[in-house]
Amino acid sequence: MESIVKFFSRYYNFVKTFKKYYKNFEKVEIFDKILEKYKDQIQTFLKKYNLEERFIQAIDNDAPADIIFIFVELIINALRDFDLRKFLLEMWITSVRHFEELIPNIVLPILDLDVYYEIKSLIEEAASVDAESVIKVLWSYFRIISEKPTILEINSSLLVNKEKKWKNIEIVRSLGIDKSIDKIITIDKLIEEAGEQEFKIYFFDWTLKFGYLIEAHIKNILLFILNLYYIKNGVPFEPDYNDDCSIGEVLYAFKNENINLNRILKHYRNAIFHSNFFLNYDLDIEKREICIRVFISSESKNRKVPKIYKSKISEFMSYYHRMIMLSNTFDIVLATVFAKDFLVEKIENAFDDIDEILDEIPKLSAEEMKKLFDEYRNKALN
């Protein structure tokens with residue numbers, strides 16, 4: 001559990017972790033046979049639509065919008081071409097079956113590789129002891145989590161994300177894609193420029209939803225991991241668990257196994273759900289804080305006494321994004337261990353139905369798509 005303990009530590013640096021694994025792109029040999037098999041069809045396709053020259057010209061002209069529309073045209077036309085469709089299908093299926101070989105080429109920090117392999121190893125070790133109980137734990141987890149809003153829904157509902165989205169839509173509408181690239185607003189920039197009222201509205205909403213994220217998702221992921229740990233070590237337990245226990249009780253169960261996870265999540269959750277938190281605003285972004293009231297045991301007073309724990313906004317955001325990353329990592333582990341064949345079947349079914357979807361899409365070149373987009377943008381501005 002070393003990687004999971006490190007992941008929950010307040011000193012965890014996911015940027016540093018990301019750089020550790022994603023220093024350089026690695027050659028992915030799993031695609032070599034597929035590319036060789038379809039190289040003639042690919043070259044014919046590229047020449048038919050003059051794609052290489054058009055991409056180069058768009059890059060030379062520093063026109064990212066042209067690149068986007070050319071790429072969209074490429075994918076749509078490739079799906080309409082029977083040989084290229086078979087090529088894309090094989091590439092997707094190979095990507096699913098050999099996902100771990102592709103990890104070094106993922107350019108976004110969507111998962112922690114140490115945690116990924118630790119959870120995967122735990123699943124495999126527990127299954128070698130009692131595979132039936134592992135499956136029961138898996139179904140119990142799915143039963144509980146299916147009743148909750150998804151991580152994506154929670155994240156999308158954040159006021160700060162909605163505000164960022166609409167501000168960027170307005171920027172693109174007014175400037176166009178090419179001229180708006182350098183003007184795109186990030187969450188960090190939005191928060192840094194927020195006045196006190198905006199800041200408090202953003203983080204009141206964010207803090208409440210973080211509390212729900214901890215209680216609804218992170219707690220159940222930890223319950224899943226804890227039950228696998230019990231199975232692996234032959235500890236009797238009830239595999240058909242529910243989520244009546246609190247995050248504090250789950251963390252305490254880990255502590256009983258000498259696995260000491262940082263208990264700040266418990267403090268966040270308790271303070272948020274009991275309104276024991278407040279926000280400090282400062283013009284200096286580095287001094288802005290979320291303050292939570294926690295209760296700690298006092299030997300001198302022989303009871304628990306309140307203490308204010310001050311968390312920098314940057315630290316709060318680190319925990320939030322880390323928990324999103326943990327959820328992503330966990331979902332990817334479950335998919336690679338339990339659902340590869342299911343995912344392959346879903347991809348094959350999607351390709352079987354692709355003609356019905358393509359029939360609804362007009363046959364447009366990248367230039368025609370961009371012209372329609374510009375017309376829509378100009379109409380929206382007038």
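Okay, so let's go over this structure. (Residues numbered from 1 in each chain as written. Predicted model: local features only at pLDDT ≥ 70, side-chain atom pairs only at ≥ 80, totals over all residues. Heavy atoms only, no water.)

Now for the overall build of the chain. Scanning the chain for helices and strands turns up 19 helices and three strands. Along the three orthogonal principal directions, the C-alpha set of the chain runs to about 80 × 55 × 35 Å. A total of 382 residues make up the chain; the buried ones form 43% of that total. Pairs at least 24 apart in sequence give 74% of the contacts found in the chain among residues at least 6 apart. Total accessible area computed for the chain in this model is approximately 22,000 Å², and 54% of it derives from carbon and sulfur atoms. In the chain, the 54 positive side-chain charges and the 63 negative ones have mean positions that sit 7 Å from each other. (Helix = DSSP H or I, 4+ residues; strand = E, 2+ residues; numbered from the N terminus. Buried < 20%, exposed > 50% of the residue type's maximum accessible area, 1.4 Å probe, protein only. Contact = heavy atoms within 4.5 Å. Areas by Shrake-Rupley, 256 points an atom, 1.4 Å probe, with all protein chains shown as cover. Lys, Arg positive; Asp, Glu negative; His and termini not counted. Charge placed at Lys NZ, Arg CZ, Asp CG, Glu CD.)

The next subject is the sheet that holds strand S2 (residues 289-298). In spatial order, the strands read S1-S2-S3; together these three strands make up an open sheet with antiparallel pairing. Only two strands of the sheet have a single neighbouring strand rather than two, namely strand S1 (277-280) and strand S3 (303-312). Each strand axis lies, on average, 35 degrees off the axis of its neighbour in the sheet, ignoring direction. Two strands pair when backbone bridges link them, and S2 and S3 are joined in this way by ten bridges, in the antiparallel orientation. Residue pairing for S3: Ser298 is matched across the bridge by Arg303. (Pairing = 2+ DSSP bridges. Axes fitted to C-alpha atoms, helices over the stretch in contact; angles between N-to-C directions.)

Below, the discussion takes up helix H13 (residues 196-232). In a regular helix each residue adds 1.5 Å, so 37 residues correspond to 54 Å; H13 covers 50 Å between its end C-alpha atoms and thus fits that length. For H13, the principal kink sits at Ile214 and spans about 35 degrees. A large share of H13 lies buried, amounting to 27 of its 37 residues. After H13 finishes, the residue Gly234 shows a positive phi value of roughly 70 degrees. (Expected span 1.5 Å × (residues − 1). Bend = angle between axes of the 7 residues up to and from the residue.)

Here the focus is the environment of Asn280. Along the chain, Asn280 turns up in strand S1. In this structure Asn280 comes out as partly exposed when scored by relative accessible area, which is 25%. C-alpha separation for the pair Asn280 and Ser311, spaced 31 residues apart in sequence, amounts to 10.0 Å. With near-sequence residues (within four places) excluded, Asn280 lies in contact with Phe199, Arg288, Glu289 and Cys291.

Here the structure, examined in full by the defined rule, presents 13 salt bridges. The salt bridge involving Glu90 is made with Lys37; its shortest N-O contact spans 2.8 Å. Note that Glu90 is positioned in helix H7 (residues 82-97) and Lys37 in helix H3 (residues 32-37), a separation of 53 residues in sequence. A salt bridge links Lys136 to Glu132; the nearest nitrogen and oxygen atoms lie 3.7 Å apart. (Salt bridge = Lys/Arg side-chain N within 4 Å of Asp/Glu carboxyl O.)

Here the structure, examined in full by the defined rule, presents 21 aromatic pairs. Centre to centre, the rings of Trp206 and Phe316 are 5.8 Å apart; their planes meet at 80 degrees, and the pair counts as edge-to-face. Taken together, the residues Trp206 in helix H13 and Phe316 in helix H16 (residues 313-338) connect sequence positions 110 residues apart. Between Tyr268 and Phe316 the ring centres are 5.9 Å apart and the planes differ by 80 degrees, which places this aromatic pair in the edge-to-face class. Placement of the pair is Tyr268 in helix H15 (residues 264-273) and Phe316 in helix H16, with a sequence separation of 48 residues. Just as Tyr268 is buried, Phe316 falls in that class too. What links up through ring pairs into an aromatic cluster is the set Phe199, Phe203, Trp206, Phe210, Tyr268, Tyr281, Phe316, Tyr319 and Tyr320. In this arrangement the basic side chain of Arg288 is found over the ring face of Phe199, its NZ or CZ atom lying 5.2 Å from the centre. Taking NZ or CZ as reference, Arg322 lies 4.3 Å from the ring centre of Tyr319, over its face. (Phe/Tyr/Trp six-rings, centres within 6.5 Å; stacked < 30°, edge-to-face > 60°. Lys NZ or Arg CZ within 6 Å of the ring centre and 35° of its normal.)

Look at H7 against helix H17 (residues 340-352): their axes get within 9 Å of each other, and the N-to-C directions meet at 165 degrees. As far as their axial angle goes, H17 and H7 are roughly antiparallel. Here H7 and H17 pass one another in a crossing that is right-handed. Contact with H7, carried on its side by Arg85, Leu88, Leu89, Trp92, Ile93, Val96 and Arg97, involves Lys340, Leu343, Val344, Ile347, Glu348 and Phe351 of H17 and no other residues of that element. Considered class by class, the residues forming the contact of H7 with H17 number nine nonpolar, no polar and four charged. (Parallel < 35°, antiparallel > 145°, perpendicular 65-115°, else oblique. Left-handed = near helix turned anticlockwise from the far one by under 90°. Nonpolar A, V, L, I, M, F, W, Y, C, P; charged D, E, K, R; others polar.)

Judged from the four bridges that link them, S1 and S2 form a sheet pairing that is antiparallel. The partner of Asn280 across the bridge, within S2, is Glu289.

On to the side chain of Arg288, then. The residue Arg288 is located in the loop between S1 and S2 in this model. For the buried residue Arg288, which engages in no salt bridge, the nearest side chain bearing the opposite charge is Asp282, 6.3 Å off. Beyond its immediate sequence surroundings of up to four residues, Arg288 is in contact with Ile191, Glu192, Ala194, Phe199, Asn280, Tyr281, Asp282, Leu283, Ser311, Lys312 and Ile313.

Our focus in this paragraph is the nonpolar core. Formed by 76 residues in total, the largest nonpolar core has its most connected members in Phe8, Phe203, Trp206 and Phe210. Of the residues forming this core, the biggest block, 18 residues, is contributed by H13. Phe45, Phe55, Leu79 and Ile347 belong to the second-largest nonpolar core, a separate cluster that totals 31 residues. (Core = buried A, V, L, I, M, F, W, Y, C linked by side-chain atoms within 4.5 Å.)

What follows deals with the environment of Leu111. Counting through the fold element by element, Leu111 comes out in the loop between helix H8 (99-102) and helix H9 (113-145). Measuring from C-alpha to C-alpha, the distance between Leu111 and Val333 comes to 9.9 Å, with 222 residues separating the pair along the chain.

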